[in-house]
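As a plain string of letters, each chain reads:
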Amino acid sequence: MKKLSVFLVLAVLPFLGSSQSIFDKYDNMKDVGSVTINKGMIRLAGNIAAFDESDQDAQDFADIAQGLEGIRVFITEDARISEDMGKTVKKYLKSSSLEELMKVRDKDATVKFYIKQGRDEDHVSELLLFVSDINSDELGIDNRKFESVLVSMTGDIDLNKIGALTKKMDLPKELNEVGER
């Protein structure tokens, strides 16, 4: 009986250690551009930024980087995949404890911010950004017209310093408004 218990624990252990995400399916899709920045690269960027002690934005970025576990960005020009992304985000929201923080809608796009509460009211453990209904040529890059952009950041994120991250990593400027919530 003891051997069976040990075997079951060892068999289940790999599944507990791998953090599969509902968004993993977009990693290798042909019509989805993706960027995954893991903890090591974030720490490296934070350490480089920390060298400039006179630049407060660089120091804020370094502080944020120390708490981040990962950043994932998915971009598509395909309307069908964009619709699937929207459905996947809705499904994820139902199964997670994320709450809508803010919604920005204008003629160019709809931007929704979701957060998972962290250790206190100034910190979140996850920040999810979903941009859809993109209608402006100004939001494209190199004559590409994007349909949707999905950004997921996990870790210990200080909302008071998120503006530094958006400036240093060219993330959407609307994230500055999240820090001012």
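A quick note: this is a predicted structure, and the numbers were derived from the prediction, not measured. Residue numbers here run from 1 along each chain, matching the order of that chain's written sequence. At least 70 in pLDDT is required for a residue's local features to be given in this predicted model, at least 80 for side-chain atom pairs to be given and counted, and no such filter applies to totals for whole chains, interfaces and linings, which use all residues. To get the side-chain values, take all heavy atoms of the structure and skip hydrogens and water.

### Quick word on the overall build of the protein
Going by this rule: The way it works is that DSSP assigns letters per residue, a run of H or I at least four long becomes a helix, a run of E at least two long becomes a strand, and they are numbered from the N terminus. The rule is simple: take the accessible area with a 1.4 Å probe, protein chains only, and divide by the maximum for that residue type; under 20% is buried, over 50% is exposed, in between is partly exposed. Should any heavy atoms of two residues lie within 4.5 Å, those residues are counted as being in contact. Only the protein chains shown count as cover for residues, and all accessible areas are computed by the Shrake-Rupley method using a 1.4 Å probe.
Each helix and strand counted, the protein has six helices and six strands in total. For the protein, the N- to C-terminal ordering of α and β elements is α-β-α-α-β-α-β-β-β-β-α-α. Taking all 181 residues of the protein together, the buried fraction comes to 39%. Partitioning the contacts of the protein with sequence separation of at least 6, the portion at a separation of at least 24 is 60%. Total accessible area on the protein stands at roughly 11100 Å², and carbon and sulfur atoms take up 52% of it.

### A closer look at the sheet that holds strand β6 (residues 148-158)
Keep this limit in mind: Strand pairing is assigned whenever DSSP detects at least two bridges linking the two strands. To get an axis, fit a line to the C-alpha atoms, keeping to the stretch in contact for a helix; angles then go from 0 to 180 degrees between the N-to-C directions.
A sheet is described by the order of its strands in space; here six strands give the open sequence β1-β2-β6-β5-β4-β3, paired in antiparallel fashion. Either end of the sheet is taken by a strand with one partner, and the two such strands are β1 (32-38) and β3 (99-105). The sheet shows a mean angle of 10 degrees between the axes of neighbouring strands, taken without regard to direction. The pairing of β3 with strand β4 (residues 110-117) spans six bridges and is antiparallel. Pairing of Glu 99 across the sheet is with Ile 115, part of β4. Lying on the sheet, helix α3 (residues 56-67) is in contact with β2 (68-76) and β6; it crosses β2 at an angle near 95 degrees.

### Some details on the pattern of salt bridges
Quick reminder of the rule: One speaks of a salt bridge when a side-chain nitrogen belonging to Lys or Arg is within 4 Å of a carboxyl oxygen belonging to Asp or Glu.
On inspection of all chains with the given rule, the structure shows seven salt bridges. As a salt-bridge pair, Asp 24 and Arg 72 come within 2.7 Å of each other at their nearest N and O atoms. Pair noted here: Asp 24 is in the loop between α1 (2-17) and β1 and Arg 72 is in strand β2, with a separation of 48 residues, a long-range link. A residue is classified by how much of its surface remains accessible, and Asp 24, at 23% relative accessible area, is partly exposed.

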